Amino acid sequence: MLRPTIGMIAVVMLAGVAEAAPLTVQVEGASPGQGPVLIGICSGSLDFGSCRYSQNVQPPAAEFQVVFPDVPEGSYAIAVFQDTNGNTNLDRDPRGLPLEPYGFSNGTGRTAPPSFEAARIRVAGPTLTKVRIARSPLAR
């Protein structure tokens, strides 16, 4: 009688474990030689502090892919910027507008501040998403 109980506990425990899968971010619009591109996989907010996964890549070309191998299933948003001055921050003007090239998943944030909901993507198995970074109109 003890064996079926242990088996049921194991099945219930395994059912609660989220699967992890690769998330591939295809970055478009980078400027090779103009600084690293920072890519963040964010949960709940587009603030880089909420990005559970991130990579810092010297862009080999205007278009390249970055793979995050084990992202648990769930909802995320992608935030990307090219750090043209190498300070690892997205520089902003006094009004908070970006001064460096940036982009978000689903093409959000080009005409208004992006929301997590608008940039949200779903990871459920291997996923490919594209993010286009574009020069800020305020860039120096």
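The notes below deal with the structure included here. Computed from a predicted structure; not experimentally measured.

Criteria and thresholds
Residues numbered from 1 in each chain as written. Predicted model: local features only at pLDDT ≥ 70, side-chain atom pairs only at ≥ 80, totals over all residues. Heavy atoms only, no water. Helix = DSSP H or I, 4+ residues; strand = E, 2+ residues; numbered from the N terminus. Buried < 20%, exposed > 50% of the residue type's maximum accessible area, 1.4 Å probe, protein only. Contact = heavy atoms within 4.5 Å. Areas by Shrake-Rupley, 256 points an atom, 1.4 Å probe, with all protein chains shown as cover. Pairing = 2+ DSSP bridges. Axes fitted to C-alpha atoms, helices over the stretch in contact; angles between N-to-C directions. Core = buried A, V, L, I, M, F, W, Y, C linked by side-chain atoms within 4.5 Å. Disulfide = S-S within 2.5 Å. Polar contact = N/O pair within 3.5 Å; in protein donor to acceptor, adjacent residues only side chain to side chain.

To continue, consider the overall build of the chain. When you go through the chain residue by residue, the secondary structure sums to two helices and eight strands. Expressed as a percentage of its 140 residues, the buried residues of the chain come to 41%. Restricting to contacts in the chain with at least 6 residues of sequence separation, those with at least 24 account for 67%. Taken as a whole, the chain presents about 8,000 Å² of accessible surface, with 57% of it coming from carbon and sulfur.

Strand order across the open sheet formed by three strands is β4-β1-β8, with mixed pairing between neighbours. At either end of the open sheet lies a strand with only one pairing partner, and these are β4 (63-72) and β8 (127-132). Pairwise comparison of adjacent strand axes, ignoring direction, gives a mean angle of 25° for this sheet. Note that strand β1 (residues 20-28) and β8 share six bridges and pair parallel.

Right, let's get into unusual backbone geometry. Notably, T88 is not glycine yet its phi reads approximately 60°, a positive angle. Position of T88 relative to the elements: it lies in the loop between β5 (74-82) and β6 (102-104). A residue is classified by how much of its surface remains accessible, and T88, at 49% relative accessible area, is partly exposed. Positive phi, normally seen in glycine, also occurs at N106, with a value near 65°. Relative to the helices and strands, N106 resides in the loop between β6 and α2 (116-119).

Counting 19 residues, the largest nonpolar core has L23, V25, I39 and I78 as its most contacted members. When residues of this core are traced back to their parent elements, those giving at least two are β1, β2 (37-42), β4, β5 and β7 (120-123). It is β4 that contributes the most residues to this core, four residues altogether. Filtering out sequence-adjacent residues up to four positions away, I78 remains in contact with L23, V25, I39, G40, I41, L46, G103, F104, S105, I121, T129 and V131. Core analysis: the next-biggest nonpolar cluster, separate from the first, contains 12 residues, L90, Y102, F116 and A119 among them.

This part covers the state of the cysteines. Tallying each qualifying case throughout the model produces one disulfide. Covalent S-S linkage joins C42 and C51, the inter-sulfur distance amounting to 2.1 Å. Given an S-S torsion of about 45°, the disulfide between C42 and C51 has right-handed geometry. The buried category is assigned to C42, whose relative accessible area is 0%.

Tracing the chain through its elements places D93 in the loop between β5 and β6. The exposure class of D93 is buried, given its relative accessible area of 14%. There is a polar contact of 2.8 Å between the side chain of D93 and the side chain of R95.

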